[in-house]
There are 2 protein chains.
Amino acid sequence: MHLFYTPDINGSEYFLNEEESKHCTKVLRLKEKDIVYLIDGNGGFYKAAIAVISGKKCLLYILETQKYFGKRNYRLHIAIAPTKNIDRIEWFVEKATEIGIDEITPIICQRSERRVVKTDRLVKIAISAMKQSIKAYLPKINEAQNFNDFIKTAHSALKCIAHCLPENKQDLKSIIPSQKEVLILIGPEGDFTPQEIQQALKNNFIPVTLGESRLRTETAGIIVAAILNQLSS
Amino acid sequence: MHLFYTPDINGSEYFLNEEESKHCTKVLRLKEKDIVYLIDGNGGFYKAAIAVISGKKCLLYILETQKYFGKRNYRLHIAIAPTKNIDRIEWFVEKATEIGIDEITPIICQRSERRVVKTDRLVKIAISAMKQSIKAYLPKINEAQNFNDFIKTAHSALKCIAHCLPENKQDLKSIIPSQKEVLILIGPEGDFTPQEIQQALKNNFIPVTLGESRLRTETAGIIVAAILNQLSS
């Protein structure tokens, strides 16, 4: 299956851009009348035929359109502290996209060693993972925000903070089945500070645990995506 | 918490080896009477004090011993095709160890592009993940085996094969709660062949699905570890 990401698709024809046209004709060696598939990152999945190959451009005719392709019955937003080693947060973005996620916000916390994130690189990773796993929805990746600013403005039916302090916490999997819109905060190496946790509670975040294991930041993120994926489907 | 992996611990004293003694005294700058913690990879968790630092050796006195530290109430064995890009299977070993797993067998399948795995490197990764997540059990990592040999000899109360063919499959999460000993096969890029699946069914493996998403090999492995972790606890 030859899949292209076409966020600007509109109408019954589509011109692949120069890079993708080249990929289509030179790398994949596709010809006129060959079939390709398009995803718009917003739930649209299209079957198309190559109509004309002319110079550096490929014109496609849209043959079939499917809306809400693979739409999930829940909405998950993870706000996560970027890891010191950037590979780890990139892995998280790739895996969470494969498993299923709607929105990711990097949050800069008191104990964050990394305070800068290139979100355009994370978007590229998400696009690649979306294509690889044949999904039609691209998660929204926000610019990094400070923890304090984020928790004051963030909205969701269910808001949780996953932290490691030995306090009274609910088991995430026990509160998920009743909620289909979830926002969860995941802290940096060294966890959230007690002040941050207090601040989150004041803003109506519920403290949750993901189980007995001490998990790295990016693993906690994957576990959350997996729990939602398994318990909501 | 200063944690050392001491698989050969036995009795009330322990000599750290030269490398770990050096780490203890030169890097961590620990002194006599300082407290360290030891894990033996077999459920033993020990509190110890540095008794004597002499030349290149550290002698420890064991102060407290805990057996079955963090023992889980299930046993999980994942037999997984090594990925073409070795980073991906290494990542699986790290994350599965963090989340909880007992045994990993690399299986070489008909469509495996990678047919050789350095298991000693995977063991090192598992040790590091075990320490990082403060676990006392080290997963057993077997040498790679051919798929056909493996499925004929492998034992487990519940044996499953996760594949992507559109056949009648059970949802893994629906059959887990009744079983506490699970072996699951995960295929290579391009999936198991229909013949391999047939062969597995003949050997009493149950075909299962991990949900709607098309997952990469290593992601499927993590999802299995996460499902067991969440549904068995």
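Residues numbered from 1 in each chain as written. Chains lettered and ligands numbered in written order. Predicted model: local features only at pLDDT ≥ 70, side-chain atom pairs only at ≥ 80, totals over all residues. Heavy atoms only, no water.

## A few points about the relation of the copies chain A and chain B
The two copies are related by a screw motion: chain A maps onto chain B through a turn of 180 degrees and a shift of 0.0 Å along the axis, at an RMSD of 0.0 Å. Here the copies are linked by what is in effect a two-fold axis. It is A226(A) whose C-alpha, among those of chain A, lies nearest the rotation axis, at 3.4 Å. A share of 96% of interface residues in chain A that are also interface residues in chain B marks the association as one of identical surfaces. (Least-squares fit on C-alpha atoms with pLDDT ≥ 70 in both. Contact = heavy atoms within 4.5 Å.)

## Quick notes on the nonpolar core
Core analysis: the largest hydrophobic core is formed by 74 residues, its most contacted members being L76(A), F92(A), L172(A), L76(B), F92(B) and L172(B). Discounting residues that sit within four places of it in the chain, L76(A) has contacts with G100(A), I101(A), D102(A), E103(A), V182(A), I184(A), V224(A), A225(A) and L228(A). (Core = buried A, V, L, I, M, F, W, Y, C linked by side-chain atoms within 4.5 Å. Buried < 20%, exposed > 50% of the residue type's maximum accessible area, 1.4 Å probe, protein only.)

## Let's talk about unusual backbone geometry
Positive phi, close to 80 degrees, is recorded for K33(A), a residue that is not glycine. Mapped onto the elements of the fold, K33(A) is located in the loop between α1 (18–27) and β3 (35–39). The class for K33(A) is exposed, based on a relative accessible area of 72%. Notably, D191(B) is not glycine yet its phi reads approximately 75 degrees, a positive angle. Within the secondary structure, D191(B) is located in the loop between β12 (181–186) and α6 (194–202). (Helix = DSSP H or I, 4+ residues; strand = E, 2+ residues; numbered from the N terminus.)

## A few points about the sheet that holds strand β2 (residues 13–16) of chain B
All names here are of chain B. The strand order β1-β3-β4-β5-β2 describes an open sheet built from five strands, whose pairing is mixed. Both outer strands of the open sheet, β1 (3–5) and β2, are each paired with one neighbouring strand and no more. When the angles between neighbouring strand axes are averaged without regard to direction, this sheet yields 40 degrees. Along the sheet, helix α3 (residues 119–132) makes contact with β1 and β3 (35–39), crossing β1 at roughly 150 degrees. (Pairing = 2+ DSSP bridges. Axes fitted to C-alpha atoms, helices over the stretch in contact; angles between N-to-C directions.)

## Quick notes on the packing of helix α2 (residues 86–99) of chain A against helix α7 (residues 217–232) of chain A
Residue and element names in this part refer to chain A. It is the contact of α2 with α7, at a shortest axis distance of 9 Å, that shows an interaxial angle of 5 degrees. Judged by the angle between their axes, α2 and α7 are roughly parallel. Here α2 contributes R88, F92, K95, A96 and I99 to the contact with α7, which in turn contributes E218, G221, I222, A225, A226 and N229. Tallied by class, residues from the contact of α2 with α7 come to six nonpolar, two polar and three charged. (Parallel < 35°, antiparallel > 145°, perpendicular 65-115°, else oblique. Nonpolar A, V, L, I, M, F, W, Y, C, P; charged D, E, K, R; others polar.)

## Describing the pattern of salt bridges
Evaluation of the coordinates by the stated rule reveals 30 salt bridges over all chains. Ionic pairing is found between R88(A) and E94(B), a salt bridge with its closest N-O pair at 2.7 Å. Here E94(B) lies in helix α2 (residues 86–99) and R88(A) lies in helix α2, a pairing that spans two chains. The shortest N-O distance in the salt bridge between E98(B) and K95(B) comes to 3.1 Å. Here the residue E98(B) and the residue K95(B) both occupy positions in helix α2, the gap between them amounting to three residues, near one helical turn. For E98(B), a relative accessible area of 0% translates into the label buried. Residue class for K95(B) comes out buried when judged on its relative accessible area of 1%. (Salt bridge = Lys/Arg side-chain N within 4 Å of Asp/Glu carboxyl O.)

## Quick look at the domain arrangement of chain A
Residues and elements named next belong to chain A. Under the domain assignment used here, chain A contains domain 1 (3–66) and domain 2 (75–232). Distance from the C-alpha centre of domain 1 to the C-alpha centre of domain 2: 34 Å. Contact with domain 1, which involves ten residues of that partner, is made by eight residues of domain 2. With both chains or domains summed, domain 1 and domain 2 bury close to 730 Å², and 72% of this area falls on carbon and sulfur atoms. Applying the counting rule to domain 1 against domain 2 returns zero salt bridges. On the surface where domain 1 and domain 2 come into contact, there are four residue pairs in polar contact (both at pLDDT 80 or more). For the side of domain 1 that touches domain 2, the element with the most residues is strand β1 (residues 3–5), which contributes three residues. Of the residues contributing to the side of domain 1 that touches domain 2, the split by class is five nonpolar, four polar and one charged. (Domains from an automatic or database assignment. Buried area = accessible area lost by both parts, 1.4 Å probe. Polar contact = N/O pair within 3.5 Å; in protein donor to acceptor, adjacent residues only side chain to side chain.)

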